[in-house]
Amino acid sequence: MIKQVVEISLGERSYPIYIGDNILHGFVDKFKDKFNAVKAAVITNSTVWDLYGGRLTESLTAGAIDYELILVPDGEKAKSLSVAGQVYGGLIKKGFERKDVIVALGGGVVGDLAGFVAATYERGVPFVQVPTTLLAQVDSSVGGKVAVNHELGKNMIGAFYQPAFVYIDVSTLNTLPGKEFAGGMAEVIKYAFIKGEPLLGLIQEKKRAILGKETGVLSEMVRICCSIKGEIVEKDERDAGVRAYLNYGHTLGHAIESTTRYDYSHGQAVAVGMVFAARLSQRLGMVGEDVVELHKRVISAYGLPVTVSGAGAVELVQVMERDKKRTGGEHVFVLLDGVGNPVVKNIDEDTLVSVLSEFLREV
Ligand code: NAD
Ligand code: GLY
């Protein structure tokens, strides 16, 4: 049963996010509420197809919606122009038209790729996100950033293209590998620190239920995250202002991913990045030591690291130098002026190297 609905208000691009437990069999009802179409292209990979494809497509068939299955490779490599090209080919051969609907079933990779294809195929066809990883449920399926990677940079080719609706079945998280779940929790923790209560309390008090995948608590957690992201996207859909708050922990995080050659996953790197952002905020007098300690407690509780080994301060700063967000000789960080109050600050290189060197020596 659908337990929660979050509305994203963006004028004519507004859409609902449906959240529930074991709801894939009811997908076609929302599909038919929204579209007159009788045809869908389900884009997914074989991992997700084997687990959830049957439930989703049985629902479409029960509602007399024809579907074409388009399988893409599993993993980040699917977010490429060449895979997008293969998907366009599949759609053309199957006679897919502008009135038909793309359904993205999977994690952030499938969602970003399928959304990119939807934004560009025949100059734009409607699409629906059915996210099946925690990261996709709380972050990538909401807000309309769709993209593929270029060999010279991640997410370099893309668009802002909102889905027609998002359909989240939290019971799909039961099959998600632990490392992927923890990676999604890093983004949940990010929302908790940039927004504060009630999410920060929920993830501290309900840790056992969350890690035990109790669907009532998961639905509530996902709902709060989607509404926090929605609120930010409604203010800054095209990422020219407050949407930067969603990069909390990401400035150092990206440098850690790249310096450790992806030994640290995105979620692990962002987790360390958040502890560092808290430390930097503390050094600048914006939060107390208690906030740094709280970061360490919450992040460790979800199996994520609070520091990084195998990367030095100078090396990390050099990588951050190349970060596209760097401006005018300074480094741009999202910091906290108190929990729930993010601010964007330029940090000069000397301060950054000094606080980072100290941070890397902390236990
Ligand atoms: P992913 O899509 O690669 O999924 C992780 C793994 O889990 C894959 O192997 C996938 O097949 C598998 N999987 C998916 N659902 C499953 C399930 N229910 N049970 C078992 N296995 C399952 O990774 P991700 O972390 O979901 O997404 C990462 C991508 O998201 C990156 O490309 C990143 O750039 C993008 N992203 C986009 C935005 C945005 O706003 N568009 C935001 C954050 C991240
Ligand atoms: N994940 C960052 C954003 O959507 O802006």
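Residues numbered from 1 in each chain as written. Chains lettered and ligands numbered in written order. Predicted model: local features only at pLDDT ≥ 70, side-chain atom pairs only at ≥ 80, totals over all residues. Heavy atoms only, no water.

**Considerations on the packing of aromatic side chains**
- One pass over the structure, following the stated rule, counts 12 aromatic pairs.
- Taken together, a centroid distance of 5.2 Å and an interplanar angle of 85 degrees make the contact between Phe 27 and Tyr 167 edge-to-face. One end of the pair, Phe 27, is in helix H1 (residues 27–34); the other, Tyr 167, is in strand E9 (residues 165–169), and 140 residues separate them in sequence.
- The rings of Tyr 18, Phe 27, Phe 31, Phe 35, Phe 165 and Tyr 167 are connected pair by pair, giving a single aromatic cluster.
- If you follow Lys 190 out to its NZ or CZ, it ends over the ring of Tyr 191, 4.9 Å from the centre. (Phe/Tyr/Trp six-rings, centres within 6.5 Å; stacked < 30°, edge-to-face > 60°. Helix = DSSP H or I, 4+ residues; strand = E, 2+ residues; numbered from the N terminus. Lys NZ or Arg CZ within 6 Å of the ring centre and 35° of its normal.)

**A short note on the nonpolar core**
- By size, the foremost hydrophobic cluster in this structure holds 81 residues, and its most contacted members are Ile 17, Leu 134, Leu 199, Ile 203 and Met 221.
- Sequence-distant contacts of Ile 203, defined by excluding residues within four places in its chain, comprise Met 185, Val 188, Ile 189, Ala 192, Ile 210, Met 221, Val 298 and Tyr 302.
- Ala 41, Leu 91, Ile 102 and Phe 127 belong to the second-largest nonpolar core, a separate cluster that totals 25 residues. (Core = buried A, V, L, I, M, F, W, Y, C linked by side-chain atoms within 4.5 Å. Buried < 20%, exposed > 50% of the residue type's maximum accessible area, 1.4 Å probe, protein only. Contact = heavy atoms within 4.5 Å.)

**Remarks on the site of ligand 2**
- Taken together, Asp 139, Lys 145, Lys 229, Arg 243 and Leu 246 make up all the residues around ligand 2.
- Separating a nitrogen atom of ligand 2 from a side-chain N or O atom of Asp 139 is a distance of 3.2 Å.
- Within the contact set of ligand 2, an oxygen atom lies 2.7 Å away from a side-chain nitrogen or oxygen of Arg 243.
- Contact with the protein chains hides 83% of the accessible area of ligand 2, taken as 190 Å² for the molecule alone.
- Each residue belonging to the shell around ligand 2 can be placed in one class, and the counts come to one nonpolar, no polar and four charged. (Near = heavy atom within 4 Å. Polar contact = N/O pair within 3.5 Å; in protein donor to acceptor, adjacent residues only side chain to side chain. Areas by Shrake-Rupley, 256 points an atom, 1.4 Å probe, with all protein chains shown as cover. Nonpolar A, V, L, I, M, F, W, Y, C, P; charged D, E, K, R; others polar.)

**Thoughts on the side chain of Glu 257**
- Structurally, the position occupied by Glu 257 is in helix H10 (residues 250–259).
- A distance of 3.1 Å separates a polar atom in the side chain of Glu 257 from a polar atom in the side chain of His 266.
- In this structure Glu 257 touches Tyr 262, Tyr 264, Ser 265, His 266 and Ala 269, once residues within four positions along its chain are discounted.

**Describing the pairing of strand E11 (residues 342–348)**
- When strand E10 (residues 330–336) meets E11, the two strands line up antiparallel, connected through seven bridges. By the bridge assignment, Leu 335 is partnered in E11 with Val 343. (Pairing = 2+ DSSP bridges.)

**A few points about the pairing of strand E3 (residues 39–45)**
- Within E3, seven of the seven residues are buried, which leaves the element mostly enclosed by the surrounding structure.
- Where burial is concerned, the two faces of E3 agree: the one with Lys 39, Ala 41, Ile 43 and Asn 45 and the one with Ala 40, Val 42 and Thr 44 are both buried.
- Pairing geometry for E3 and strand E4 (residues 66–72), over seven bridges, is parallel. Bridge pairing in E4 links Ala 41 to Glu 68.

**Quick notes on the side chain of Asp 236**
- Tracing the backbone shows Asp 236 in the loop between helix H9 (215–235) and H10.
- The charged side chain of Asp 236 is buried without a salt bridge, its nearest counter-charge being Arg 243 at 6.4 Å.
- Looking at Asp 236, its side chain comes within polar contact range of the main-chain nitrogen of Val 242, at 3.1 Å.
- At 2.8 Å, the side chain of Asp 236 forms a polar contact with the backbone nitrogen of Arg 243.
- The residues contacting Asp 236, other than those within four sequence positions of it, are Gly 241, Val 242 and Arg 243. (Lys, Arg positive; Asp, Glu negative; His and termini not counted. Salt bridge = Lys/Arg side-chain N within 4 Å of Asp/Glu carboxyl O.)

**Notes on the site of ligand 1**
- The immediate surroundings of ligand 1 are formed by 26 residues, with Glu 76, Thr 132, Thr 133, Lys 154 and Thr 175 found nearest.
- In this structure, an oxygen atom belonging to ligand 1 sits 2.8 Å away from a side-chain N or O atom of Asp 74.
- Residue Thr 175 places a side-chain N or O atom 2.7 Å away from a nitrogen atom belonging to ligand 1.
- For the shell around ligand 1, the elements supplying multiple residues, two or more each, are helix H2 (46–62), helix H4 (108–120), helix H5 (134–140) and strand E8 (153–160).
- Here the shell around ligand 1 gets four residues from one element, more than from any other, and that element is H2.
- The residue makeup of the shell around ligand 1, split by class, is seven nonpolar, 10 polar and nine charged.

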